[in-house]
Number of protein chains: 2
Amino acid sequence: MINQHMHDLGAAPNKIRELFMYGLGRKAEIGADKVFDYSIGNPSVPAPPQVKAAFLDILGEDPVKVHEYTPSPGDPAVRAAIAAHISKANGVDARPQNIYITSGASSAIAISLGAVTNPGDEVITVSPYFPEYKTWAETAQCTLVEVPATEPDFQMDVDAIEAAINERTSAIILNTPNNPTGAVYPRAALERLAAVLRKKGAELGRTIFLISDEPYRELVYGADVPYIPAIYADTIVCYTWSKSLSLPGERIGYIHVNEGIEGDDAVCTAVSGAGRALGYICAPVLLQRVVARCLDVPADVSEYAKKREVLTGMLRGIGYEFVEPDGAFYLWMRSLEPDAEAFSERAKQFELLLVPSNSFGCTGWVRLSYCISEKTIRESEDALRALYESYQA
Amino acid sequence: MINQHMHDLGAAPNKIRELFMYGLGRKAEIGADKVFDYSIGNPSVPAPPQVKAAFLDILGEDPVKVHEYTPSPGDPAVRAAIAAHISKANGVDARPQNIYITSGASSAIAISLGAVTNPGDEVITVSPYFPEYKTWAETAQCTLVEVPATEPDFQMDVDAIEAAINERTSAIILNTPNNPTGAVYPRAALERLAAVLRKKGAELGRTIFLISDEPYRELVYGADVPYIPAIYADTIVCYTWSKSLSLPGERIGYIHVNEGIEGDDAVCTAVSGAGRALGYICAPVLLQRVVARCLDVPADVSEYAKKREVLTGMLRGIGYEFVEPDGAFYLWMRSLEPDAEAFSERAKQFELLLVPSNSFGCTGWVRLSYCISEKTIRESEDALRALYESYQA
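None of these values were measured; they are calculated from a predicted model.

Novice: Got a sec to walk through the nonpolar core? Specific residues and values, please.
Specialist: Val-267 of chain A together with Ile-255 and Val-267 of chain B are the most contacted members of the largest nonpolar core, which totals 73 residues. Discounting residues that sit within four places of it in the chain, Ile-255 of chain B has contacts with Asn-98, Ile-99, Tyr-100, Thr-102, Ala-108, Ile-111, Ser-112, Ile-236, Val-237, Cys-238 and Val-271 of chain B. Within the second largest apolar cluster, 58 residues are counted, among which are Ala-47 of chain A together with Ala-83, Leu-245 and Leu-286 of chain B.

Novice: Quick rundown of the packing of aromatic side chains? Include the residues and the values.
Specialist: In this structure the tally under the stated criterion is 33 aromatic pairs over all chains. Seen from their ring centres, Tyr-216 of chain A and Tyr-330 of chain A are 5.5 Å apart, and the 80 degrees between their planes marks the pair as edge-to-face. Within this pair, whereas Tyr-216 of chain A is found in the loop between strand S6 (209-213) and strand S7 (235-240), its partner Tyr-330 of chain A is found in strand S10 (residues 330-334), the two being separated by 114 residues in sequence. Tyr-330 of chain A shares its class with Tyr-216 of chain A; the two are buried. Between Tyr-216 of chain B and Phe-329 of chain B, the aromatic rings sit 5.7 Å apart at their centres with planes inclined by 80 degrees, giving edge-to-face as the arrangement. With Tyr-216 of chain B in the loop between strand S6 (209-213) and strand S7 (235-240) and Phe-329 of chain B in the loop between strand S9 (322-323) and strand S10 (330-334), this residue pair connects regions lying 113 residues apart in the sequence. A residue is classified by how much of its surface remains accessible, and Tyr-216 of chain B, at 3% relative accessible area, is buried. Here the aromatic residues Tyr-129, Phe-130, Tyr-133 and Trp-136 of chain A are joined through ring pairs into a cluster of three or more. For Arg-346 of chain B, the ring lying beneath its charged end belongs to Tyr-391 of chain B, and the centroid distance is 3.9 Å. The ring of Tyr-22 of chain B is capped by Lys-348 of chain B, whose NZ or CZ atom sits 4.3 Å from the centre of that ring.

Novice: An account of the relation of the copies chain A and chain B is needed here, citing residue identities and associated values.
Specialist: Least-squares fitting of chain A to chain B yields an RMSD of 0.0 Å, with the transformation described by 0.0 Å of translation along the axis and a rotation of 180 degrees. The transformation relating the two chain copies, once decomposed into turn and shift, fits a two-fold axis. For chain A, the smallest separation between a C-alpha atom and the rotation axis is recorded for Leu-278 of chain A, amounting to 2.8 Å. An overlap of 99% is found between the interface residues of chain A and their copies at the interface of chain B, pointing to a shared contact surface.

Novice: Before we move on, can you summarise unusual backbone geometry with the specific residues and values?
Specialist: Omega for the peptide link from Ser-127 of chain A to Pro-128 of chain A comes to 0 degrees, which places this bond in the cis form. With an omega of 20 degrees, the peptide bond between Asn-179 of chain A and Pro-180 of chain A qualifies as cis. Assignment of secondary structure puts Pro-180 of chain A in the loop between strand S5 (169-174) and helix H9 (187-204). Even without being a glycine, Phe-154 of chain A presents a positive backbone phi close to 55 degrees. The backbone of Ala-328 of chain B shows a phi angle near 60 degrees, a positive value even though the residue is not glycine. In this structure, Ala-328 of chain B sits in the loop between S9 and S10.

Novice: Could you give me a rundown of the environment of Lys-306 of chain B, with the residues and numbers involved?
Specialist: Residues and elements named next belong to chain B. Examined against the element boundaries, Lys-306 turns out to sit in helix H12 (residues 302-318). C-alpha of Lys-306 to C-alpha of Glu-374: the two residues are 68 residues apart in sequence and 7.8 Å apart in space. Look past the residues within four positions of Lys-306 in its chain and what remains in contact with it is Glu-374 and Arg-378.

Novice: So what's going on with the state of the cysteines? Which residues, and what values?
Specialist: Counted by the stated rule, this structure contains 0 disulfides over all chains. We note that Cys-142 of chain A lacks a disulfide partner, and the nearest cysteine sulfur, in Cys-238 of chain A, lies 14 Å from it. Lacking any disulfide linkage, Cys-282 of chain A is separated from the closest cysteine sulfur, that of Cys-371 of chain B, by 16 Å.

Novice: Which residues make up the interface of chain A and chain B, and what values do they have?
Specialist: Interface size, as often reported, equals the accessible area lost upon joining of the parts. Opposite the 75 residues of chain A that make contact, chain B presents 74 residues. Its largest share of buried area at the contact with chain B, chain A owes to Met-1, Tyr-69 and Arg-276 of chain A, together 13% of the area lost on that side. One can count 2 salt bridges joining chain A with chain B. Across the pair Arg-276 of chain A and Glu-132 of chain B runs a salt bridge, and its minimum N-O distance is 2.6 Å. Across the contact surface, chain A and chain B share 39 residue pairs in polar contact (both at pLDDT 80 or more). Every element with two or more residues in the side of chain A that touches chain B is listed here: helix H1 (4-11), helix H3 (49-59), helix H4 (63-66), helix H6 (104-116), helix H7 (132-139), helix H10 (264-277) and helix H11 (285-292) of chain A. No other element matches H10 of chain A, which puts 9 residues into the side of chain A that touches chain B. Partitioned by chemical class, the residues of the side of chain A that touches chain B number 40 nonpolar, 26 polar and 9 charged.

Novice: Just give me the short version of the sheet that holds S7 of chain A, but keep the residues and values in it.
Specialist: Residues and elements named next belong to chain A. Ordered in space as S2-S8-S7-S6-S5-S3-S4, the 7 strands form an open sheet in which the pairing is mixed. Since the sheet does not close on itself, it has two edges, and those belong to strand S2 (99-102) and strand S4 (143-148), each with one partner. Taking the axes of each pair of neighbouring strands and ignoring which way they run, one obtains an average angle of 20 degrees across the sheet. Sheet topology places S5 next to S6; 4 bridges connect them, and they run parallel. Within S6, the residue paired with Ile-173 across the bridge is Ile-211. Against the sheet, helix H5 (residues 76-90) contacts S2 and strand S8 (253-257), and its axis sits at roughly 115 degrees relative to S2.

Novice: Pulling in residues and values, what's your account of the pattern of salt bridges?
Specialist: Tallied over the entire structure, the rule returns 58 salt bridges over all chains. With a closest N to O distance of 2.8 Å, Arg-168 of chain A and Glu-122 of chain A form a salt bridge. With Arg-168 of chain A in the loop between helix H8 (158-164) and S5 and Glu-122 of chain A in strand S3 (residues 122-127), this pair connects stretches of sequence that are 46 residues apart. Residue Arg-168 of chain A is classed as partly exposed on the basis of its relative accessible area, which comes to 36%. Residue class for Glu-122 of chain A comes out buried when judged on its relative accessible area of 11%. Of the charged contacts in the structure, one is a salt bridge between Glu-324 of chain B and Arg-308 of chain B, with a shortest N-O distance of 3.9 Å. Of the two residues, Glu-324 of chain B is situated in the loop between S9 and S10 and Arg-308 of chain B in helix H12; the sequence distance between them amounts to 16 residues. Its relative accessible area of 36% is what places Glu-324 of chain B among the partly exposed residues. For Arg-308 of chain B, a relative accessible area of 15% corresponds to the buried category.

Novice: Outline empty space enclosed by the protein, supporting the account with residue identities and numerical values.
Specialist: Residues and elements named next belong to chain B. Going through the model one piece at a time under the given rule, you end up with 7 cavities of 30 Å³ or more. If you add up the space inside the largest cavity, you get close to 50 Å³. In terms of lining residues, the largest cavity is bounded by Val-45, Pro-46, Pro-48, Leu-219, Lys-243, Ser-244, Leu-245, Ser-246, Ala-299, Asp-300 and Tyr-304. Counted by class, the lining of the largest cavity contains 7 nonpolar, 2 polar and 2 charged residues.

Rules used in this analysis
Residues numbered from 1 in each chain as written. Chains lettered and ligands numbered in written order. Predicted model: local features only at pLDDT ≥ 70, side-chain atom pairs only at ≥ 80, totals over all residues. Heavy atoms only, no water. Core = buried A, V, L, I, M, F, W, Y, C linked by side-chain atoms within 4.5 Å. Buried < 20%, exposed > 50% of the residue type's maximum accessible area, 1.4 Å probe, protein only. Contact = heavy atoms within 4.5 Å. Phe/Tyr/Trp six-rings, centres within 6.5 Å; stacked < 30°, edge-to-face > 60°. Helix = DSSP H or I, 4+ residues; strand = E, 2+ residues; numbered from the N terminus. Lys NZ or Arg CZ within 6 Å of the ring centre and 35° of its normal. Least-squares fit on C-alpha atoms with pLDDT ≥ 70 in both. Disulfide = S-S within 2.5 Å. Buried area = accessible area lost by both parts, 1.4 Å probe. Salt bridge = Lys/Arg side-chain N within 4 Å of Asp/Glu carboxyl O. Polar contact = N/O pair within 3.5 Å; in protein donor to acceptor, adjacent residues only side chain to side chain. Nonpolar A, V, L, I, M, F, W, Y, C, P; charged D, E, K, R; others polar. Pairing = 2+ DSSP bridges. Axes fitted to C-alpha atoms, helices over the stretch in contact; angles between N-to-C directions. 1 Å grid on protein atoms, 1.4 Å probe; cavity = no way out; pocket = protein on both sides within 12 Å on 5 of 7 lines; lining within 4 Å. Points joined across faces, edges and corners; volume = space filled by probe spheres on them.

As far as function goes, none of this settles anything; it's purely spatial.
Here is the structure:
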């Protein structure tokens, strides 16, 4: 009598978590420093000191006020601060009423999909992709349409996206900088996509919303991350401080409904409604106020940049093929055999935990999360070489 | 092209919030002490000092660990602590794996409905009721069936509930102590209900789940609040610390899938799946750890008890008819005309903000949230009397 779809979702093997749990057991067995765990994307850089200072400061205020409900889109002062921050950073005029504060990017995407799709619609994304996109599209009673990225650079295939658009297409989810590939989409590609979305939207007489999932916006290594709403008006930005402020477990982010959307007020209203429908009352209030005080705190990219340099240098030296990561803290490496799951299994023999690309909707690659200590990365070199050599026989 | 249902939900007038916003404006106009705002259910008692102490203590730990993701059902140590607390308080053997930590009771109910219903099912509740039950039932593609409480005591009408059960009934949502009536259901009534649910379930060959919404469990004035899973095995408890620890904006609660449910493991799995589907990753991690350290901190009922005594004494003296509140911080008072909305409008002439019962699915009554200062309650006496007398002409 229970809901079988929900049961299947709950029972679905999560390869990332499986590998992570395997790693915990293995570390207990042979020692933490002997296992090279590239499985999970938990930020390894601590939250900046301003975060703790903000917590302590706010906790010193009147406790009734500190912990009380906010309106469902968030504390008005926090929404105003976020809008001002977006405006300043991008030379635009973001309005507080277009900001809806969420419990992280996950709820932001689920809510956005609820707001701008209807049952039976299709939602496009570029594969490989964060697997929950499919889950949330299905919650909105939509079908997720996967358009493969170009290989081996894992950029958008705009022609293929154009071909995938039809009269049921209501939205496309983009994620740049990308999880799992680390790719960043350049401005020219985004402009080509925008032109296609405008053209197809006009042909079909409908708005195709671009849902921009931006957890890694600030985590880039020199690459330009264009402000997408300035390129494509019908954009809804889903942001989280999970990675930029290293607060993944606190669940705090926002939806920004771009002011350039025709009828943006109605979209904001639908966002509020979708939040209600999914059981959200407001984002955690203490976190709302903490991030409002840390909007200008820069993400600490330097540590990830160092790890990236060490890892790419090692892999290049050994002979692996991989996508040079422009952003996020993931490296996308070609499997040494067509079956990435078999490759991931063999890697375990060398105490290397690599997530097979099948988890992200494509074959033949693995993801390495390099948000681990530089020491562990350096010490994994022999194992990575031995794994490589095991295929050269 | 946006989702009209979500838009309508977002645009739906919320009478409670409307009154609250009206009150803010009116207070600015004539002075805060001249407006008697009984509209909203924000706890007026501060969080106990142990909450702040727990925050400070945890914030002193390793910041990478403090803010990192937990597994989606919650931190294993916190789940174990909650299970142990439930076990000790109720003389049962609750298992950590049956606890799923949520972003408050709202997400707990939305997730539970997702887990144990299927599209087209019916979910019963007793009216008047917290209006979001309807929203969340509809998200699960179910119909909410409202069974009126008995008047004027606003207890369950078990015969009417029995008559409402059919082959599509998958769950009943109960809320005791009740919002908006303050009623507490006695053990005998719960036992009668349990017998009916068992009998009808056997007849229909299906499990009828009891979803017990318990935000006000500890806020009672002498009344016994029975542990419902011990009375009806197929119970899922939805709890929040919003009211008991005065943390409404922080969003922290749990689902407890009773161990007595046949196939409880499958229900827990479906709960996990439904959480994923609705966009939840994990409950806010800092809050998980804070409440784990405050499980034995008693809710401060004494302040609410005092306010209740003052308010009921005044209303009785004037001549109003009301339900003696046994729990929560709401008082349910009969409107002095059949149209509660007109009564609420007239009350505004006396600077009294009373929520009409229409907001909760019934007519002819108003709700007074007495989680305001005792001084304000006392000072509202003249206005309450003048309102009463305005109907005696």
